[in-house]
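# Report on the structure
So you can see what is in the structure, the chains are spelled out below.
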Amino acid sequence: MMWKILNSEEEEWSLFISAKFKDRNGQWTCNWKQSSIWTGLKWAWNTLKEDIRWNVGTGSKISVWYDIWLGGCALIEEIGLTDYVKNHIRMKVQDLILEGNWYVPTELQQIISVNSLPVIRGGSDQIVWTINDGKFYTNVAAEKIRHKETFLTWPKYIWKNFLHPSIASNISELQQEVYVDDEVMRKNGFELASMCCICLEAQDTMYHILWECDFSVAVWNWLNGVFCFANPKSFDEVCSAANNKSPLVRKIWMIAACAAMRELWFQKNAKFFEEKKLNLNRNKCRIVQLVHEGGYRLNGVSWGNLMKLR
């Protein structure tokens, strides 16, 4: 839409939009307008304008300061709004052309190097799309402005039928850092002395609570003693620990490991907010219970076979 507006300046509908949404200097306004289309047009222009430049013909349509016709950006971005720019804010490139040749005023010779000036092509000024061969393609523009989220591998491990949705959602919150610890508080501007409420030694961070705290190490030692795995130091290591095991063992391991992570998080909250005493055996029993309940969600595996793996 924006590209059509820029290339249809002589048509009535384009003249109407330009008159409504351009300022007195001929630039697209940054101000709010009561319009159902301006928000989208302004967003598109701000996203795509860095890839639009002008080939000089007569220079009558090209702003010396705001349009990209010399170098890789608009001149006003390089020199700023100086007194000379303010006094000549509506200057066009045609004001620098005399009888088909470049004529740069003395005041601009320190800013514009004569050797860097583009070729005067003659005819009408031409707007080009720099990403391709000068032609605008909608699919290329859409690919440029499309917001791409970082590809995450961990969701495919937790959103499974055998893992209870409440556990999966808790692990998802941990992975997306939807929690508050002292580290988050400091990032938000709070000044505080940080100490783990469980071991009373290290700083209070979620990484410490899950992987380094004495209590969590004891839980992982017990759990990995059952599966004969090394203690993980991240959720990525949890996901890869059972790669070479059977599908049944991988599922049980994910249930147990995710349950352990959730219970360690909850244990910290219970200690901090409710001042509950630490109880390693109770924590282990809770994990075993969650694994037991998860066993009923395993398709094609009898509970008797699952019990033999305990």
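Rules used in this analysis
- Residues numbered from 1 in each chain as written.
- Predicted model: local features only at pLDDT ≥ 70, side-chain atom pairs only at ≥ 80, totals over all residues.
- Heavy atoms only, no water.
- Helix = DSSP H or I, 4+ residues; strand = E, 2+ residues; numbered from the N terminus.
- Rg over C-alpha atoms; globule rule 2.2 N^0.38 Å.
- Buried < 20%, exposed > 50% of the residue type's maximum accessible area, 1.4 Å probe, protein only.
- Areas by Shrake-Rupley, 256 points an atom, 1.4 Å probe, with all protein chains shown as cover.
- Lys, Arg positive; Asp, Glu negative; His and termini not counted.
- Charge placed at Lys NZ, Arg CZ, Asp CG, Glu CD.
- Expected span 1.5 Å × (residues − 1).
- Contact = heavy atoms within 4.5 Å.
- Axes fitted to C-alpha atoms, helices over the stretch in contact; angles between N-to-C directions.
- Parallel < 35°, antiparallel > 145°, perpendicular 65-115°, else oblique.
- Left-handed = near helix turned anticlockwise from the far one by under 90°.
- Nonpolar A, V, L, I, M, F, W, Y, C, P; charged D, E, K, R; others polar.

## Description of the overall build of the protein chain
From N to C terminus, the protein chain includes 15 helices and 4 strands. Taken over C-alpha atoms, the radius of gyration comes to 32 Å for the protein chain, far larger than the 19 Å a tight globule of 310 residues would show. If one aligns the C-alpha atoms of the protein chain with their principal axes, the spans along those axes are about 95 × 50 × 40 Å. Counting the 310 residues in the protein chain, one finds 38% classified as buried. For the protein chain, the computed accessible surface area is about 18,800 Å², with 50% contributed by carbon and sulfur atoms. In the protein chain, the 36 positive side-chain charges and the 34 negative ones have mean positions that sit 10 Å from each other.

## Some remarks on helix 11 (residues 214–227)
In this model helix 11 runs 20 Å from its N-terminal to its C-terminal C-alpha over 14 residues, within 8% of the 20 Å that 1.5 Å per residue would give. Looking at the packing, one finds that the buried side of helix 11 touches helix 10 (206–212), helix 12 (235–240), helix 13 (247–274) and helix 14 (280–295). Following helix 11 by one or two positions, Cys228 has its phi on the positive side, about 60 degrees.

## Brief notes about the side chain of Thr205
Along the chain, Thr205 falls in the loop between helix 9 (182–187) and helix 10. Residue Thr205 is classed as buried on the basis of its relative accessible area of 14%. The contacts of Thr205, once residues within four sequence positions are left out, are Asp181 and Glu183.

## Re the packing of helix 11 against helix 13
At a minimum axis separation of 11 Å, helix 11 and helix 13 run at an interaxial angle of 165 degrees. As far as their axial angle goes, helix 13 and helix 11 are roughly antiparallel. Classified by chirality, the crossing of helix 13 by helix 11 is right-handed. Of the residues in helix 13, those in contact with Phe215, Ser216, Val219, Trp220, Leu223, Asn224 and Phe227 of helix 11 are Val249, Ile252, Trp253, Ala256, Ala257, Ala260, Met261, Leu264 and Gln267. In the contact of helix 11 with helix 13, the residues fall into 13 nonpolar, 3 polar and no charged.

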